[in-house]
Amino acid sequence: MPVKPKIDDSWYKVLQPEFEAPYFSELKSFLKEEMSHYNVFPPAKLIFNAFNKTPLPAVKVVILGQDPYHGPGQAHGLAFSVPEGIKPPPSLVNIYKELASDLGITAPKTGNLEKWASEGVLLLNTSLTVRSGKAASHAGKGWEKFTDAAIKAVSEFRAGVVFMLWGNHAISKEQLIDTSKHLVLKTVHPSPLSASRGFLGCKHFSKANHYFQSNGLLPVNWQLNS
């Protein structure tokens, strides 16, 4: 009997066919080989962290990233987030700037977004691993099929979710979402290369909360300072 991966049961229930698919076996072989030669981020026990911090029935918002940070100690399985004590990377700094201008929330000292995850914000990278120092090194190896299935699962099994698609890579995933039952918000990526072209000023955080309130749902508490 195959060993169940360390992923929340609510997700395993809908993603089990992916874990049993031939592409996933190939992905596992690729990762084993990579890990025998290079440092791979995040640590193996945190690869499914986004799913474990935000079970499927709790998902209210999906924020899509591309692949994990590739610097030492940065990636911990949540898109755009870094562990306590690690300096917030430039894209996250811009996310905090938008949070401040949109909702008046002062930029927190921490770059750790676990509090958002516990509020129902699924912080999902489309590729769940990366080789140290080499961006997008695990793209096209199978993770995208897996995370596409996760996006489809949110679309199918939840209602009234806000999908925040930042940048062309994330926007390309709109086709997986049933826009008749969810809200899709799109803008450029928060990277310093593009943030000034529409991310800053997009007001996605207040738009999400307005959508929840107008549908009789509790808004997300975006405050990260304790």
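This is a predicted model, so every value here is computed, not measured. (Residues numbered from 1 in each chain as written. Predicted model: local features only at pLDDT ≥ 70, side-chain atom pairs only at ≥ 80, totals over all residues. Heavy atoms only, no water.)

J.: Sorry, what's going on with the overall build of the chain here?
T.: A tally of regular secondary structure across the chain gives eight helices and six strands. Scanning the chain from its N terminus toward the C terminus, one meets helices and strands in the order α-α-β-α-β-α-α-β-β-α-β-α-β-α. Relative to the compact-globule value of 17 Å for 226 residues, the chain shows a C-alpha radius of gyration of 17 Å, a close match. Based on the C-alpha atoms only, the size of the chain along its principal axes is roughly 50 × 35 × 30 Å. (Helix = DSSP H or I, 4+ residues; strand = E, 2+ residues; numbered from the N terminus. Rg over C-alpha atoms; globule rule 2.2 N^0.38 Å.)

J.: Whenever I open this one, helix H2 (residues 22-37) confuses me. Can you help?
T.: An α-helix turns once every 3.6 residues. As a result, residues three or four positions apart point the same way. A rise of 1.5 Å per residue sets the reference length of H2, with its 16 residues, at 22 Å; its end C-alpha atoms lie 24 Å apart and thus fit the reference within 8%. As for H2, its buried residues are in contact with helix H1 (9-19), strand E1 (40-41), strand E4 (130-131) and helix H6 (143-157). (Expected span 1.5 Å × (residues − 1). Contact = heavy atoms within 4.5 Å.)

J.: What is the right way to look at the pairing of strand E5 (residues 162-166) in this model?
T.: Walk down a regular strand and you will see the side chains alternate between the two sheet faces. Of all five residues making up E5, five are buried, and the element is well covered by its neighbours. Along E5, one buried face is formed by Val162, Met164 and Trp166 and the opposite face, lined by Phe163 and Leu165, is buried too. Here strand E2 (residues 61-65) runs beside E5; their pairing, made up of three bridges, is parallel. Bridge pairing in E5 links Val61 to Val162. By the bridge criterion, five bridges tie E5 to strand E6 (residues 183-187) in an arrangement that is parallel. Pairing of Trp166 across the sheet is with Thr187, part of E6. (Buried < 20%, exposed > 50% of the residue type's maximum accessible area, 1.4 Å probe, protein only. Pairing = 2+ DSSP bridges.)

J.: What is the right way to read unusual backbone geometry from this model?
T.: Across the chain, the bulk of peptide bonds are trans and the bulk of non-glycine residues have phi less than zero. Here Phe41 and Pro42 are connected by a cis peptide whose omega angle stands at -10°. With respect to the secondary-structure elements, Pro42 resides in the loop between E1 and helix H3 (49-53). Positive phi outside glycine occurs at Phe80, with the angle close to 70°. Among the secondary structure elements, Phe80 is positioned in the loop between E2 and helix H4 (90-103). Despite not being glycine, Ala136 shows a phi value in the positive range, around 60°. Summarising the element assignment, Ala136 is placed in the loop between E4 and H6. A relative accessible area of 42% means that Ala136 is categorised as partly exposed.

J.: What exactly am I supposed to notice about the side chain of Asp148 here?
T.: When you line up the elements, Asp148 lands in helix H6. By relative accessible area, Asp148 is classed as buried at 19%.

J.: Would you mind going over the sheet that holds strand E3 (residues 121-125) with me for this structure?
T.: Consider a sheet: its strands pair through backbone hydrogen bonds, and that pairing is either parallel or antiparallel. The parallel open sheet is built from four strands, whose spatial order is E3-E2-E5-E6. In this open sheet, the two strands that pair with only one neighbour each are E3 and E6. Averaged over neighbouring strand pairs, the angle between their axes works out to 20° when direction is ignored. Seen against the sheet, H6 touches E2, E3 and E5 and runs at an angle of roughly 155° to E3. (Axes fitted to C-alpha atoms, helices over the stretch in contact; angles between N-to-C directions.)

J.: Whenever I open this one, the pattern of salt bridges confuses me. Can you help?
T.: Where charged atoms from two side chains of opposite charge come close, those side chains can pair. With the rule as written, the count across this model stands at four salt bridges. Asp148 is the partner of Lys173 in a salt bridge, and the nearest nitrogen-oxygen pair spans 2.8 Å. Of this pair, Lys173 sits in the loop between helix H7 (168-171) and E6 while Asp148 sits in helix H6, placing them 25 residues apart in sequence. (Salt bridge = Lys/Arg side-chain N within 4 Å of Asp/Glu carboxyl O.)

J.: I tried to follow helix H8 (residues 204-214) on my own but got confused; where do I start?
T.: Within H8 the residues assigned to the buried category are His204, Phe205, Ala208, Asn209, Tyr211 and Phe212. An end-on view of H8 places all buried positions within 155° of arc, on one side of the element. Set apart from the buried face of H8 by more than 90 degrees, the exposed residues are His210, Gln213 and Ser214. Against E2, H4, helix H5 (114-118), E5 and E6 lie the buried residues of H8. After H8 finishes, the residue Gly216 shows a positive phi value of roughly 70°. (Arc of directions from axis to C-beta.)

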